[in-house]
Amino acid sequence: LGYRYQHLNDIHNNSVISLINPGDLISFHIHTDAIDLHDFFTQWQQALTDKWGLVVGLRYSQLPEYFRVNEFNPIASMLVGETKTKVNDRGLVNYRVALMYQFNEYHQLKLLHGTASQDVESILFSEPKQIQTSEIVHAYKQEPWLITQSLYVNETENLVRRQISFNNNIFMASVVND
């Protein structure tokens, strides 16, 4: 059972967003007041037999729900507006389940399934990146070696992609969160 607390004070981020029409560039100054982040997590491990084991984990993360966004148009050199932007899915629940089989003292097979999420620290207005994964792992351990082979399938959502575009003789970085 665990708890993690983070206090972040006065966060600022600057991003330039390139819109569809060439020359339409908007600079976002992302600002939030001091925020508190909370994580609660637990893990339970159980030997089912002398060869089989089970591990179950759960994490709840409470992330900020709002960010203040200042829009600045660099071409006109003017502030376009300030908004308080709601960001969805900020109370995140993630889990992990692993079923393990110990063949002998050297070989172990693990079947895992779980979810994970991660905020993109450099782009604070984005939705958290979310991953769902299923894995089969074989581990061979004989001191001093640990060799693992994995097969996995991941499904991801809300990835932040950075693009470089060239508009009006200026290279601009664009950000897409989808």
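Draft legend 1. Spotlight on the overall build of the chain. A tally of helices and strands in the chain yields zero helices and 13 strands. Ordering the α and β elements of the chain from the N terminus gives β-β-β-β-β-β-β-β-β-β-β-β-β. For the chain, with 178 residues in total, the buried portion stands at 29%. Nonlocal contacts in the chain, meaning residues at least 24 apart in sequence, comprise 51% of its contacts between residues at least 6 apart. About 11,800 Å² of surface is accessible on the chain, with carbon and sulfur atoms providing 56% of the total.

Draft legend 2. Quick look at the packing of aromatic side chains. With the rule as written, the count across this model stands at four aromatic pairs. For the ring pair Tyr106 and Tyr140, a centre distance of 6.1 Å and an interplane angle of 35° mean the geometry is tilted. In this pair, Tyr106 is assigned in the loop between strand 8 (91–102) and strand 9 (107–118) and Tyr140 in strand 10 (residues 129–142), connecting sequence segments 34 residues apart. Joined through ring pairs, the aromatic side chains of Trp52, Tyr101 and Phe103 make up one cluster.

Draft legend 3. Broad picture of the sheet that holds strand 10. As summarised here, the arrangement of the seven strands in space is 1-4-5-8-9-10-11, forming an open sheet in which the pairing is antiparallel. Of all the strands in the sheet, the pair left with one neighbour each is strand 1 (2–8) and strand 11 (145–157). For this sheet, the mean inter-axis angle between neighbouring strands, taken without regard to orientation, is 15°. Of the strand pairs in this sheet, strand 1 and strand 4 (residues 35–47) are connected by seven bridges, and their pairing is antiparallel. Each residue of the ladder has a partner; that of Gln6, found in strand 4, is Leu37.

Draft legend 4. Broad picture of the pairing of strand 10. Examined bridge by bridge, strand 9 and strand 10 share 12 bridges and lie antiparallel to one another. Bridge pairing links His107 to Tyr140 in strand 10.

Draft legend 5. Representation of a nonpolar patch on the surface in the model. A cluster of nonpolar side chains, namely Tyr3, Tyr5, Phe40, Trp44, Val56, Leu58, Tyr60, Val93, Tyr95 and Val97, defines an oily patch on the protein surface of about 920 Å² accessible area. Contributions of two or more residues to the nonpolar patch are made by strand 1, strand 4, strand 5 (52–62) and strand 8. Following the sequence through the fold, Val93 ends up in strand 8. Given the relative accessible area of 53%, Val93 is considered exposed.

Draft legend 6. Region of the structure containing the nonpolar core. Among the nonpolar cores identified, the biggest contains five residues, and these are Val55, Ala98, Met100, Leu112 and Val137. Leave out the neighbours within four places in its chain, and Val137 touches Gln108, Leu109, Lys110, Leu112, Thr148, Gln149 and Ser150.

Draft legend 7. Representation of the environment of Leu151 in the model. For Leu151, the location among the structural elements is in strand 11. The sequence separation of Leu151 and His138 amounts to 13 residues, and the corresponding C-alpha distance is 9.1 Å. Beyond its immediate sequence surroundings of up to four residues, Leu151 is in contact with Ser134, Glu135 and Ile136.

Draft legend 8. Structural view of unusual backbone geometry. Cis geometry marks the peptide bond from Glu143 to Pro144, where omega comes out at 5°. Tracing the backbone through its elements, the reader meets Pro144 in the loop between strand 10 and strand 11.

About the thresholds
- Residues numbered from 1 in each chain as written.
- Predicted model: local features only at pLDDT ≥ 70, side-chain atom pairs only at ≥ 80, totals over all residues.
- Heavy atoms only, no water.
- Helix = DSSP H or I, 4+ residues; strand = E, 2+ residues; numbered from the N terminus.
- Buried < 20%, exposed > 50% of the residue type's maximum accessible area, 1.4 Å probe, protein only.
- Contact = heavy atoms within 4.5 Å.
- Areas by Shrake-Rupley, 256 points an atom, 1.4 Å probe, with all protein chains shown as cover.
- Phe/Tyr/Trp six-rings, centres within 6.5 Å; stacked < 30°, edge-to-face > 60°.
- Pairing = 2+ DSSP bridges.
- Axes fitted to C-alpha atoms, helices over the stretch in contact; angles between N-to-C directions.
- Patch = residues over 30% accessible without salt bridge, like charges linked within 9 Å, V, L, I, M, F, W, Y side chains within 5 Å.
- Salt bridge = Lys/Arg side-chain N within 4 Å of Asp/Glu carboxyl O.
- Core = buried A, V, L, I, M, F, W, Y, C linked by side-chain atoms within 4.5 Å.

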